[in-house]
Amino acid sequence: MALREILKLPDKRLRLVSEPVKRIDAGIRALVEDMFETMYGAPGIGLAGVQIGVAKRVVVMDLSKKDDAHRPLVFINPEITWESKEQSTHEEGCLSIPEYYEEVERPNEVKVNYLDLEGKTHEITANGLFATCVQHEIDHINGVLFIDHISKLKRDRVTKKFIKAAKAAKKVEA
Ligand code: K1U
Ligand code: ZN
């Protein structure tokens, strides 16, 4: 298991469209372990492979409450098969855009088809925080960030802030 670096805005690799997983092998199982260690370490409630630089359609999540037992969830090749017409708004954050939170409107309920680590197909219905988080993570594997769902003014403002921070960090490195 390894704690991996989480890519931050404006890293262009966050805009890659991830490739489907063809075979669930030891490499995928090791990737999932690293993703859980990285997500719990951050801490966060979800993580997509692309956020640690692995553009494969793998997502992990854990929506359990702080002092409760972990409830790890793995989604391989997840696909939204249905979304409700009804929309709802929730505040979102992103480990690739640390300390920035904004309200995002999305379908209230979605059905998601995916494979588990054994290669078995599942279809789940998600609502509330589960629906918000799974849509946020599926966006990641399609190269979409939650700031793409907010106003251009807000998106430009946060993007500029992160470009400036990345330049300052590069200067310190040099
Ligand atoms: O994909 C990511 O960047 C992870 C992100 C998931 C997410 C959060 C909220 C709404 C939609 C998607 C995060 O986990 S941000 C951190 C966070 O929400 C959190 C951190 C510690 C405790 C509880 C929540
Ligand atoms: Zn995110």
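Here we summarise the structure given alongside this text.

Cut-offs applied
- Residues numbered from 1 in each chain as written.
- Chains lettered and ligands numbered in written order.
- Predicted model: local features only at pLDDT ≥ 70, side-chain atom pairs only at ≥ 80, totals over all residues.
- Heavy atoms only, no water.
- Donors = N, O, S within 2.8 Å, 3.2 Å for Na, K, Ca; no water.
- Helix = DSSP H or I, 4+ residues; strand = E, 2+ residues; numbered from the N terminus.
- Buried < 20%, exposed > 50% of the residue type's maximum accessible area, 1.4 Å probe, protein only.
- 1 Å grid on protein atoms, 1.4 Å probe; cavity = no way out; pocket = protein on both sides within 12 Å on 5 of 7 lines; lining within 4 Å.
- Points joined across faces, edges and corners; volume = space filled by probe spheres on them.
- Nonpolar A, V, L, I, M, F, W, Y, C, P; charged D, E, K, R; others polar.
- Salt bridge = Lys/Arg side-chain N within 4 Å of Asp/Glu carboxyl O.

**Topic: the coordination of the zinc ion (ligand 2)**
At 2.1 to 2.3 Å from the zinc ion (ligand 2) lie its protein donor atoms, namely C94 (SG), H136 (NE2) and H140 (NE2). Taken in chain order, the donor set of the zinc ion (ligand 2) reads C-x41-H-x3-H. Of this pair, H136 and H140 both sit in helix 2 (residues 128–141), four residues apart, roughly one helical turn. As far as the burial class goes, H136 and H140 line up, both buried.

**Digging into the layout of surface pockets**
Approximately 660 Å³ is the volume attributed to the largest pocket. P43, G44, I45, G46 and L95 are, among the 32 residues lining the largest pocket, the residues nearest its centre. Mapped by element, the contributors of at least two residues to the lining of the largest pocket are helix 1 (26–41), strand 4 (87–92) and helix 2. Here the lining of the largest pocket gets six residues from one element, more than from any other, and that element is helix 2. Of the residues in the lining of the largest pocket, the class split is 14 nonpolar, nine polar and nine charged. Looking at the second largest pocket, its volume works out to about 340 Å³. Considering the residues around the second largest pocket, the lining is formed by 14 residues, among which K8, P10, D11, A166 and K170 are closest to the centre. In terms of residue class, the lining of the second largest pocket is built from seven nonpolar, no polar and seven charged.

**Points about the pattern of salt bridges**
One pass over the structure, following the stated rule, counts eight salt bridges. Residue R106 pairs with D139 through a salt bridge whose shortest N-O separation is 3.0 Å. With R106 in strand 5 (residues 102–107) and D139 in helix 2, this pair connects stretches of sequence that are 33 residues apart. The residues R106 and D139 share a single accessibility class, namely buried. Put simply, D156 and K152 hold a salt bridge, and the shortest N to O gap is 2.6 Å. Residue D156 and its partner K152 are located together in helix 3 (residues 152–173), separated by four residues, close to a single helical turn. Accessibility expressed as a relative area gives 31% for D156, which makes it partly exposed.

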